[in-house]
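Now for the letters of each chain:
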Amino acid sequence: MDPPSRRVNRRSFKFTNDQPKAVEQVPKAVESAPTGKTLEGTPASIPDGSPVSGQSVVTPLRNMASTPAMTAASPKVAASLDLTGKIFCFATDLDSIPQEEVLRRIETAGGKVGLAISQRTSYLVLGGKMPDGRPAEDSTKYQRFSDLRAKGKVQAEVLREADFLKMLPAVESPSLPSKVKKDVRPSFQSQPSSQESSSRPFNWVDIFAPYKLDQLIGNNAAAQRLTDWLRDWEDVVLHGRKKASSRRENGGAENVNARAVLVSGPPGIGKTTTCRLVAEMHGGYKVLEYNASDARGQKVIQEMAEGIAQNSTVSFSGQGTSKRKAVIIMDEVDGMGAGDKGGNAALIKMIKTTRNPIICICNDQHGQKVRSLASHCYDLKFTRPPKNAVAQRCAEIARQQGLKVDIASLEALAEACGGDVRVVLNQLQIMSSAKSFGGKDQEVMLGPFEACRRLLNTAEAARLSFEDREKLFFVDYSMVGLLVHENYLRSMEKKPATLEVLSRCAYSADLMTVGDIFQQRINAEQEWSLLPHSGVVSCAYPAFVSNGMLGYPSFPAALGKMSSLSKSRRQMMDLQMHLRLSSTVYGQAMISSSYAELLYRRLVEPLKENDIKEAVGRLDAYGLRREHLVEHLTELRQHLGCQDMFKQVDAKVKSALTRELNTGKHAVKVVLPSKRRRLVEEPGFDADGEDAEVVMNDVEESEDEEEKSALIKVKGKMAKKPAGKARGKKAKA
Amino acid sequence: MLWVDKHRPKALEKLDYHDNLSKRLKAIAGTGDLPHLLFYGPSGAGKKTRVMALLREMFGPGVEKVKLEHRTFKTPSRRTIELTTLGSNYHIEMNPSDAGNNDRYVVQEVIKEIAQFHPVVSGMAEGAGKGKNVTFKVVFLSDCDRLTKAAQHGLRRTMEKYVKSCRLILCCENLSKVIDPLRSRCLPIRVSAPSREEICSILMTVSEKERAPLSQEAAARITDASKRNLRRALLMAEAQRVRNDPNAEVPVPDWESFIAGIVSKIEREQSPKMLLEVRKDLYHVLGNCIPPSVVFQTLVYYLVKRMDASLAHDVFSAAADYEHRMHLGQKDVYHIEAFVAQVMLLYKKYIADLVNLC
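Computed from a predicted model, the values in this text were never measured in an experiment.

*Asks:* Quick question: what am I supposed to make of the overall build of chain A here?
*Replies:* Helix and strand content of chain A: 35 helices and nine strands. Within the span of chain A, comprising 733 residues, buried residues form 47% of the whole. In chain A, once contacts between residues fewer than 6 apart in sequence are set aside, the share between residues at least 24 apart is 75%.

Structure below.
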């Protein structure tokens, strides 16, 4: 080994530049470099820190704090993080951050940037490739560094870009304002894989935010006018050289000489971005942004206005004061809500006296909150960018991210999102990340029938992983299970009915009963966390066990049957309600004990013999009406194919029966609320309604038929009256 | 009126069988107070008849002055439930299981409502003549084994809290579906099915009253077919009467022969295709409002009757398993179908074994 490298070893860092491994170890070295002396005393702490620094997300600051031995050993640790006295030298420009930004940050932290390698240089940073595409190692600075080091004249450490960035944000983050995002320049060209993305925003919206004016989509004219206004602002406002205002189409004069501008337009089309860019590009101003997340009450703005009115210094970086003037961007002025009482009025007042340009941004310039403001501002409207422009930009981004999307669907997406670039990009990103776990998009396009077909067709199902099958369940979780149950037997139908086939069917059926229990729990107890399990048990696994040939899955009969079942249940309950007064038979037993069957026969049999009086008497005894005989009882028998005996009755007898029952002589023991009334009924009328519906049952089994019907007649009247009253009341109301 | 309804005894003294039970009920009524009661026993044994007779004994004929009320309940989730209750001044009868999953609210609401109003006619029941101060109202819940578990749990505190002003009479077929805490709070009263002789003699008396006396043999035949279900026996007797042929074979109900048809299908062929056909039949049966547990029972009954005895154990065990699952689940067909598939498999295995043996 040559002497220089031994000298490096003295600082307990074992690396030589020739070994790429050594470069990887650099971050540890960097962390500990400021506390080099302490480290020399405790060499054990280097391996100590190494597993932690392997995590790219954890910043060095946290790393150090998490090593108690080190914090205890040197209280200087926190302070030592500033780069005071350190001199950086960049072999090439960085990929991920604009160079100016880097300079600013290093200066903030107290470091300096040297233009050439010298003895005092502490770090040599290798950035991205050189403009001609050669690696940073080929750069002249690096070559010189290597030479000098070989002669033992320099001791600088070599940092890769990633390592450099790791130490940078830790220094920067405490004082970093919330608007870092705009400073980040995308580096997708060189490194689409975002290994070191921890220091960069994750959202495409932030990564691909435009950083040049010509990257803006649409609204070029508006941006141009904004630029013009800002350029001439000082002349117009401060020096009083008024511009001639151009005419608008509708004849009104444009307020080009205003002290403030009001930018309005729908969200997500780049208003804020444009304003910021325009202000930055002008160069003469610092940008000062206030948005809805800042307090903007009357007081705050008044204070701000005072400061600005004096045109005094505005401090930005915390290091000294800047003499430059500021553009104040008041974002989301229509969001100056409840907490910002009086803020709007104060803002107007401030505009009247301001010596700095003010840009206000809002969504709706006709909004009540903004209207008063609008009259003091130069009005600039931003419109939605054309969908093809959005699509083009998105396609570019998608291409850089390795996502294949055709421009037509992007246009459709842009249109669906209302030209909101932010939404479009978010959607795109979600889609691209979804892509990585396997063609979700395709499944969304699938219908439940197709999903079922795939599950149950052996040819297609064989290709599916178990996970895919479960995903197919989620195509429509309420349908696919039903479809599988309906069709699993059909798919097995053609196979020879061997023991194996049958046992598969039995197993599937068994599984689906468990799935049904899950489903019940989900419905009754809202335990939706069971849904995936239910998907496995009621759909994926049964279909895995038994599948075969299936042309097109048939619609689940269970759905149709359910409605017919509930209809017959309803009829049964209806009947039961009437029978309840005189019978103990309850719903469950009515059919199974053939009660209904016998009742039906007993009612129809006299009719067949044209004995209407007897039939009506029997109906009356139970308080039943015609429809119960003709509809309820008849239909309840039909499910098992019993014939409709009522059809055999002579038509004359039928009409005679109807006439007789309509005379009003006959008992209506139970009046069920009809659907229509229930809708109109108000809670206040409940008492009336109940009286109307209720008729007392006579206690004694009266032998005398006439007496009974008389009684019933009276009751019938009683029953009708209150109902009428109630209706009358309702009409008044 | 049908014979079953016409000849139902109304007073405790007139009950035809379970004399011991009648005496005990009478003793309970005599004290003028009631514990919570839980009547259980098979369908057609006379549970409701006894409950009504007991109430009449306590409150006098006033309990038969009943009226129907349509009540609407609001659940916390703003759903309205409609329920019909049947009530007199002294009691209220309802079947909360009609409300489905929301029966819990119904049960709680009704009991609280009743508990709020002490009966004005404080049981000085005219006609009862007992002169006892009855200060409570009776809530009669039929089919309490069909209540959801939540409703049953909701009942238990309520029935303790409001015990001063309301007593519960529960009625169910299957005691094992009533949760233990409820059972422990009630005095259970078993109403077992009447014996064959009892049914026989009742049939004879009723038919005589209807001036169509049955012969001893005919009555015995009907008794056999009724499976000791008195309601069914009376209905069958009347049906025979309608047919004017009291000596003919007692026909099984349509739905039962239909299920027998399903069983013979299972026997004939065990294949997915046949299973599909069976499913269709099952839909028909269920659509006919035959309770699914009855379907299970009948299926097993015919299966065991027709198949080899060595299969019986497995069939029973499968039926018990799937019937239980059915009560936990919601789609009855799934469970019956799974049972049928299981039986088909068992039977096919059985036949295959037979062939191998030969």
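*Asks:* Hey, could you run me through unusual backbone geometry in this one?
*Replies:* Of all residues except glycine, most have a negative phi; of all peptide bonds, most are trans. Residue and element names in this part refer to chain B. Even without a glycine there, the phi angle at D143 is positive, about 55°. Structurally, D143 can be placed in the loop between β5 (137-141) and α5 (149-161). D143 sits in the buried class, given a relative accessible area of 8%. Within the chain, K227 stands out as a residue other than glycine whose phi angle is a positive 55°. Mapped onto the fold, K227 is located in the loop between α8 (216-226) and α9 (230-242). Judged by its relative accessible area of 41%, K227 falls in the partly exposed class.

*Asks:* Mind showing me how you'd approach the interface of chain B and chain A here?
*Replies:* The extent of an interface is frequently quoted as the accessible surface area lost upon association of the parts. Tallying the contact residues gives 73 residues for chain B and 76 residues for chain A. Between chain B and chain A, the buried area comes to about 7100 Å², and carbon and sulfur atoms account for 61% of it. Connecting chain B to chain A are four salt bridges. With a shortest N-O distance of 3.1 Å, D510 of chain A and R325 of chain B are connected by a salt bridge. Here chain B is connected to chain A by 19 residue pairs in polar contact (both at pLDDT 80 or more).

*Asks:* Any chance you could explain the packing of aromatic side chains here in plain terms?
*Replies:* Taken as a whole and judged by the stated rule, the model has 13 aromatic pairs over all chains. Between F449 of chain A and F555 of chain A, the ring centres sit 6.4 Å apart and the planes meet at 25°, which makes this aromatic pair stacked. On the criterion of sequence distance, the pair formed by F449 of chain A in helix α21 (residues 448-456) and F555 of chain A in the loop between α26 (531-545) and α27 (557-579) is long-range, its members being 106 residues apart. With relative accessibility at 21%, the residue F449 of chain A sits in the partly exposed group. Ring geometry for F59 of chain B versus F136 of chain B: centroids 6.4 Å apart, planes at 80°, classification edge-to-face.

*Asks:* Would you mind showing me how to read the nonpolar core here?
*Replies:* In summary, soluble globular proteins display a tendency toward joint burial of nonpolar side chains. Counting residues in each nonpolar core, the largest one holds 125 residues, and the members touching the most others are Y595 of chain A together with F339 of chain B. Considering every element that reaches this core, the biggest residue donor is helix α14 (residues 332-357) of chain B, with 12 residues. Beyond its immediate sequence surroundings of up to four residues, Y595 of chain A is in contact with L579, S583, V585, M590 and Y622 of chain A together with L2, V4, D5 and L235 of chain B. Counting 29 residues, the second-largest nonpolar core is a separate cluster that includes L83, A99, V139 and A151 of chain B.

*Asks:* I would appreciate a short explanation of the sheet that holds β5 of chain B in the present structure.
*Replies:* Working definition: the strands of a sheet are paired by backbone hydrogen bonds and lie parallel or antiparallel to each other. All names here are of chain B. Strand order across the open sheet formed by seven strands is β2-β3-β4-β5-β6-β1-β7, with mixed pairing between neighbours. At either end of the open sheet lies a strand with only one pairing partner, and these are β2 (67-74) and β7 (187-190). Within this sheet the neighbouring strands show an average axis-to-axis angle of 25°, counted without direction. In terms of strand pairing, strand β1 (residues 37-40) meets β7 through four bridges, oriented parallel. Within β7, the position partnered with L38 by the bridge is P188.

*Asks:* Before we go on, may I ask you to explain the environment of E605 of chain A in this structure?
*Replies:* Inspection of the secondary structure assignment puts E605 of chain A in helix α29 (residues 595-608). Given the relative accessible area of 24%, E605 of chain A is considered partly exposed. Distance from E605 of chain A to A615 of chain A, taken between C-alpha atoms, is 8.0 Å for residues 10 residues apart in sequence. Those residues within four positions of E605 of chain A in sequence are excluded, and the remaining contacts are R618 of chain A together with V242 of chain B.

*Asks:* Sorry if this is basic, but what is going on with the packing of α29 of chain A against helix α30 (residues 612-622) of chain A here?
*Replies:* Geometry of a packed helix pair, given as the angle between the helix axes and the separation of the axes. Residues and elements named next belong to chain A. Relative orientation of the contacting elements α29 and α30 amounts to 150°, with a least axis distance of 6 Å. Of the possible angle classes, the one that applies to α29 and α30 is roughly antiparallel. Every residue of α30 that contacts α29 at Y595, L599, R602, L603, E605, P606 and L607 is listed here: I612, E614, A615, R618, L619 and Y622. Taken together, the residues of the contact of α29 with α30 break down into nine nonpolar, no polar and four charged.

*Asks:* Looking at this structure, how should I read the side chain of R453 of chain A?
*Replies:* Mapped onto the elements, R453 of chain A comes out in helix α21. Every residue in contact with R453 of chain A, bar those within four places of it in the chain, is listed here: E460, L550, G551 and P553 of chain A.

*Asks:* I'm lost on the pattern of salt bridges in this one. Help?
*Replies:* Opposite charge on two side chains permits pairing when their charged atoms draw close. All told, the structure shown has 40 salt bridges over all chains when counted by the stated rule. Between E337 of chain B and R279 of chain B there is a salt bridge whose closest N-O contact spans 2.6 Å. With E337 of chain B in helix α14 and R279 of chain B in helix α11 (residues 272-287), this residue pair connects regions lying 58 residues apart in the sequence. Judged by its relative accessible area of 1%, E337 of chain B falls in the buried class. Residue R279 of chain B is classed as buried on the basis of its relative accessible area of 3%. Each of R602, E605, E614 and R618 of chain A together with E238 of chain B takes part in a single network of salt bridges with overlapping partners.

The rules behind each value
Along each chain, numbering runs from 1 in the same order as the chain's sequence is written. To label them, take the chains in the order written and letter them from A, then take the ligands in the order written and number them from 1. Given that this is a predicted model, residues contribute local features only at a pLDDT of at least 70 and side-chain atom pairs are listed and counted only at 80 or more, while totals for whole chains, interfaces and linings are drawn from all residues. Values reported for side chains reflect all heavy atoms of the structure, with hydrogen atoms and water molecules removed beforehand. Secondary structure is summarised from DSSP: a helix means a run of H or I of at least four residues, a strand means a run of E of at least two, and numbering begins at the N terminus for each. Relative accessibility decides the category of a residue: with a 1.4 Å probe and only protein chains considered, values under 20% of the type maximum give buried, values over 50% give exposed, and everything between is partly exposed. Here, residues are in contact when the closest pair of their heavy atoms is within 4.5 Å. Take the accessible area each of two parts loses on contact, using a 1.4 Å probe, and add the two losses: that sum is the buried area. Throughout this description, the term salt bridge denotes a Lys or Arg side-chain nitrogen within 4 Å of a carboxyl oxygen of Asp or Glu. Pairs of N or O atoms are called polar contacts if they sit within 3.5 Å, as long as, within protein, a hydrogen donor faces a hydrogen acceptor (for residues adjacent in sequence, only side-chain-to-side-chain pairs). The pairing test for Phe, Tyr and Trp rings, Trp by its six-membered ring, is centres within 6.5 Å, and the orientation test on the planes gives stacked under 30 degrees, edge-to-face over 60, and tilted for anything in between. Take the buried Ala, Val, Leu, Ile, Met, Phe, Trp, Tyr and Cys residues and link them wherever side-chain atoms come within 4.5 Å; each set so joined is a nonpolar core. Here, strands pair whenever DSSP counts at least two bridges between them. Note on geometry: axes are C-alpha line fits, over the in-contact stretch for helices, and angles between N-to-C directions span 0 to 180 degrees. In this scheme, roughly parallel covers angles under 35 degrees and roughly antiparallel covers those over 145, while 65 to 115 is roughly perpendicular and the rest are oblique. Think of it as three bins: nonpolar holds Ala, Val, Leu, Ile, Met, Phe, Trp, Tyr, Cys and Pro, charged holds Asp, Glu, Lys and Arg, and polar takes everything else, Gly as well.

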